[in-house]
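Each chain, written out:
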Amino acid sequence: MGRELIRTDLRANGNVLGLVLADEKTPNSWYVVKSRPWLARRMGDDVEIPLEEFCPAALQEVQKLWWIHEITTAPDEDDPKNGDTAGTLVSALSEPPSGMVRLDRESYLRNLFLRNWGSDYVYGSGYVQITVGDPPNTTWQKVFSFFYVYAKVRTDRHNNWSFILHVLRPDGGWSEVIVPAQDLYDGNKALMELATHGVEIYSAGKKHLVRYILEYPCDRIERLVDRTGWSEDGQSFVLPQQTISNDPNGNGGELYLARSAQGLIEGIRSSGTLNEWQEAVAQLCLGNSRLEMALFLAFLPPLMKPLNHPTFGVHFWGTSSLGKSASMQVAASVWGKPSQVYHQWRTTDNGLEGLAYAHSDILLLLDEIRQANAQIVRDAAFMLGNEKRKARANREGDLRAIKRWRLAYLSNGERSSTDFVREGGIEVMGGFSVRLLDIPIDGGAGMGAIENLCGYPTPNELINAIETNSNAFYGDAAVAFIQGLFLRVTSDELIERYNAFKPFFMDKLPAVERNTEMLRILQRFTIIAFAGELAIEFGVLPYESGQAICTMVRIATEHESARGGSEPLDILERMGFIKREISRNRCSNFKRLNKAHSSFFEGGGYDPRIFWGYSIYPNSDSDQILEFRIPRALFKDVFCHGVNPKALINALRDRDCLSEDNHKIGKRRERCYVIPYAFVAEGEVEFDEQGEDNDRLSRQLDQLRNL
């Protein structure tokens, strides 16, 4: 029923309404302030009580002054919890009635919502408060600053339940916080998470927090995912700050990214506008093939799952100050803030698996390959390409669910990835070059990655502008591209268009015979070009149609020429190994023979401790080697490790670098492979006969590394 009102007294220039009550011991001790018209306040101790409960007649007087305004959705008298919902609250806050201060209306609605809920909590002075004491001596105690339960979320397997809380920060803005349900019962874990996002929690709030969250009326249930990218049904794309869906009305429900997955991708957000990014970043990359390629690659990850293309990476390499960092930054700016999107090569296998899973369907950037171990780099290329974590057991010994991903990644370093791995003493296998493409950062204009100055006087000034602008405008391009995938093309149309694009792109390349490995490599260039053309078509990249095709055809042609042949990489690597090793050991591991007519005779020298074959000279007076003859069995043992001997021998024969002969050597015939010195001279290693001991020591160290 409340207290009895005798009269009111408007004072303080109309900002305070004094209340004269029938049973007051101290007259004029209660009043209402215009800035908080839903509360009655007592002078002296500033005790506050909701006005509608304290004195309904006083509430009517306040309403006459239009200090407060009722919302239209009234609570159900039979069930007060059927009143305003969180959605109604948010909607009502958007349009305050004319003549009302917005803060007044928001605060009143929060209080009214809590009262309609039928709880013991009220809102006042920016805080959720709880009643203390029995009427008429009831007072209100602050428990925590205002937040409400927006939704409950769970995985597709109906586990890992969590609460989506909308928190009113001290600066007046709102934050969305995901609190796992299990954290409510794990000591102070939920308290600490809320405090991190600006919730002020008083001592009384610790015991009320769980009850407040659990009892808060919320029927909205959404889905929780633990990685970015496409949902299982392909109808939504999850980013840390939003979910993009093919349903413009959002009837398919929202997807929320689990808190545990957000730490590794906190930099994926936006700044500025798409137009600003196009003018300040993308436009400065036009005419610079390596920077363009970095942009095209950045748009590729969302296409890889719909087109069923396997994971692969691109590695830009070259000496310092050539634009490697700029290429990384322009690619990063498509998705978020470059300085926070970067990750380092220096990591463990487990760490890299976690990074890959967190970046499903988005771009992963790995900076500076030299910080990693050569073994890790080689294994990482295969692990990322396998698109799943290795099987592990849980505490009970049962197999954990295997996490899978699909992505594209961009790397950089001063050495090519194949050279880096090889120089670390690790064998480079054929599939490595398919999974990680080595692209020199030098575009051939003598300015590193820069070929077109775009109006700037020097390459350094252009690179500085690109790096500065990339950290000012970012994140909107990826969102616009993904929205284009939903609004402008269906999944079936996307597949059909890509299938038609592949032969069109391949027809632009030189018409030469290619092996399976080279065709797989060219497929990588093809899909990068396709991603670039789609970004142009969607209006995300401000380029003319066909720009991505021209750029990627040029780079693919250069890449194919630089390989040194169309053979698989492991065969090319073995050819290089043969050149280097024979040249390095031509005086120590080969027995000298002098040629005479159709047979050979010994020409002095010594019997090598490690015997690989024979070095053939025209006569005893000559220092010019004609060829090397290596017994067939020794050739396979020494030079064919890790490759198919038949494939290597056939590749050498096709280049006229190997033949087979069984001439007499001394008194016996021995079937040998003959390798001309001209082939070995291509990998000539300078040799000092005076330093033979040092040379032998180096060989022994190399052999130990290869074991």
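Refer to the structure printed above.
The structure displayed is predicted, hence computed values, not measured ones.

1. A short note on helix α18 (residues 476-488)
The end-to-end C-alpha distance of α18 is 17 Å, a good match for the 18 Å that 13 residues give at a rise of 1.5 Å each. Ala477, Ala478, Val479, Ala480, Phe481, Ile482, Gly484, Leu485 and Phe486 are the residues of α18 that are buried. If you follow the buried residues of α18, they end up packed against β13 (229-230), β14 (236-238), β15 (243-245), α8 (274-285), α10 (301-304) and α20 (516-537).

2. Some words on the state of the cysteines
Overall, the coordinates contain zero disulfides when judged by the stated rule. No disulfide involves Cys285; its sulfur sits 7.9 Å from that of Cys454, the nearest cysteine. Residue classification places Cys285 among the buried residues on the basis of a relative accessible area of 0%.

3. What about the sheet that holds β13?
Pairing between the strands of a sheet is mediated by backbone hydrogen bonds and can be parallel or antiparallel. One open sheet accounts for three strands, arranged β13-β14-β15; its pairing is antiparallel. At either end of the open sheet lies a strand with only one pairing partner, and these are β13 and β15. Note: β14 against β15, three bridges, orientation antiparallel. The residue bridging Val238 from the neighbouring strand is Thr243, located in β15. Contacts from α18 reach β13, β14 and β15 within the one sheet, and its direction differs from that of β15 by about 25 degrees.

4. Side note on the nonpolar core
Residues Phe299, Leu300, Leu303, Val314, Trp335, Phe525 and Leu541 are the most contacted members of the largest nonpolar core, which totals 93 residues. Of all the elements, α20 adds the most residues to this core, at 12 residues. Every residue in contact with Leu303, bar those within four places of it in the chain, is listed here: Phe481, Leu485, Leu494, Phe530, Ala531 and Leu534. If you look at the next biggest cluster of nonpolar residues, it comprises 29 residues, including Trp38, Ile130, Leu165 and Leu184.

5. Side note on the packing of helix α19 (residues 491-506) against helix α21 (residues 547-562)
For the pair α19 and α21, interaxial distance at closest approach is 11 Å and the crossing angle is 50 degrees. Judged by the inter-axis angle, α19 sits oblique to α21. When the axes of α19 and α21 are compared, the crossing they make is right-handed. Between α19 and α21, the residues in contact are Phe501, Phe504 and Phe505 and Ile549, Met552 and Val553, respectively.

6. Focus on the packing of helix α9 (residues 289-298) against helix α11 (residues 324-333)
The interhelical angle for the contact between α9 and α11, taken along N-to-C directions, is 30 degrees, at an axis separation of 8 Å. Classified by the angle their axes make, α9 and α11 are roughly parallel. Taken as a pair, α9 and α11 cross one another with a handedness that is right-handed. From α9, Leu291, Ala294, Leu295 and Ala298 reach across to α11, where they touch Ala326, Ser327, Val330 and Ala331. Across the contact of α9 with α11, the residue classes break down as seven nonpolar, one polar and no charged.

7. Quick look at the packing of aromatic side chains
Here a ring pair, both rings aromatic, is described through the centre-centre distance and the interplanar angle of the planes. As enumerated under the stated definition, the model contains 26 aromatic pairs in all. Aromatic side chains Phe144 and Tyr212 sit 5.0 Å apart centroid to centroid with 65 degrees between the ring planes, which places their arrangement in the edge-to-face category. Here Phe144 is found in strand β8 (residues 139-145), whereas its partner Tyr212 is found in helix α6 (residues 205-215), with 68 residues between them in sequence. For Tyr212, a relative accessible area of 0% corresponds to the buried category. Centroid distance Phe501 to Phe504: 6.4 Å. Interplanar angle 50 degrees. Geometry classified as tilted. Of this pair, Phe501 and Phe504 both sit in helix α19, three residues apart, which is roughly one turn of that helix. For Phe501, a relative accessible area of 10% corresponds to the buried category.

8. Some remarks on the environment of Glu467
One can find Glu467 in helix α17 (residues 459-470). Considered as a pair, Glu467 and Ala280 are 187 residues apart in the sequence and their alpha carbons are 10.0 Å apart. Setting aside anything within four residues of it in sequence, one finds Glu467 in contact with Ser325, Ala326 and Gln329.

9. As for the pairing of strand β25 (residues 627-631)
Of all five residues in β25, five are buried, a share of seventy percent or more. Here β25 shows two buried faces, one formed by Glu627, Arg629 and Pro631 and the other by Phe628 and Ile630. Strand direction decides the pairing type here: strand β24 (residues 613-617) and β25, joined by three bridges, are antiparallel. When the bridges of β25 are listed, Ile616 appears paired with Glu627. Looking at chain direction, β25 and strand β29 (residues 672-676) are connected through five bridges and run antiparallel. Paired with Arg629 across the strands is Val674, a residue of β29.

10. Some words on the pairing of strand β21 (residues 436-440)
Among the five residues in β21, four count as buried, and that is most of the element. As paired strands, strand β17 (residues 312-317) and β21 are joined by five bridges and run parallel to one another. By the bridge assignment for β21, Trp317 is matched with Pro440.

11. Topic: the sheet that holds strand β19 (residues 363-367)
Strand order across the open sheet formed by five strands is β18-β19-β20-β17-β21, with parallel pairing between neighbours. Taken across any chain shown, the strands that pair with only one partner, and hence form the sheet edges, are β18 (343-344) and β21. In this structure, β19 lies alongside strand β20 (residues 408-413), joined through four bridges in parallel fashion. When the bridges of β20 are listed, Leu363 appears paired with Ala408.

12. Some points on unusual backbone geometry
Non-glycine residue Asn308 carries a positive phi angle of around 55 degrees. Locating Asn308 in the fold gives a position in the loop between α10 and β17. A relative accessible area of 58% places Asn308 in the exposed class.

13. Observations regarding the pattern of salt bridges
Following the criterion strictly, the structure yields 29 salt bridges and no others. The partner of Arg227 in a salt bridge is Asp361, and the shortest N-O contact between them spans 3.8 Å. Here Arg227 is found in the loop between β12 (221-225) and β13, whereas its partner Asp361 is found in the loop between α13 (349-358) and β19, with 134 residues between them in sequence. With a relative accessible area of 16%, Arg227 lands in the buried category. The partner of Glu627 in a salt bridge is Arg629, with the nearest N and O atoms 2.9 Å apart. Owing to a relative accessible area of 15%, Glu627 belongs among the buried residues under this scheme. Among the charged side chains, a network of salt bridges with common partners joins Arg415, Asp419, Arg422, Glu423 and Glu573.

Quick notes on the rules
Residues numbered from 1 in each chain as written. Predicted model: local features only at pLDDT ≥ 70, side-chain atom pairs only at ≥ 80, totals over all residues. Heavy atoms only, no water. Helix = DSSP H or I, 4+ residues; strand = E, 2+ residues; numbered from the N terminus. Expected span 1.5 Å × (residues − 1). Buried < 20%, exposed > 50% of the residue type's maximum accessible area, 1.4 Å probe, protein only. Contact = heavy atoms within 4.5 Å. Disulfide = S-S within 2.5 Å. Pairing = 2+ DSSP bridges. Axes fitted to C-alpha atoms, helices over the stretch in contact; angles between N-to-C directions. Core = buried A, V, L, I, M, F, W, Y, C linked by side-chain atoms within 4.5 Å. Parallel < 35°, antiparallel > 145°, perpendicular 65-115°, else oblique. Left-handed = near helix turned anticlockwise from the far one by under 90°. Nonpolar A, V, L, I, M, F, W, Y, C, P; charged D, E, K, R; others polar. Phe/Tyr/Trp six-rings, centres within 6.5 Å; stacked < 30°, edge-to-face > 60°. Salt bridge = Lys/Arg side-chain N within 4 Å of Asp/Glu carboxyl O.

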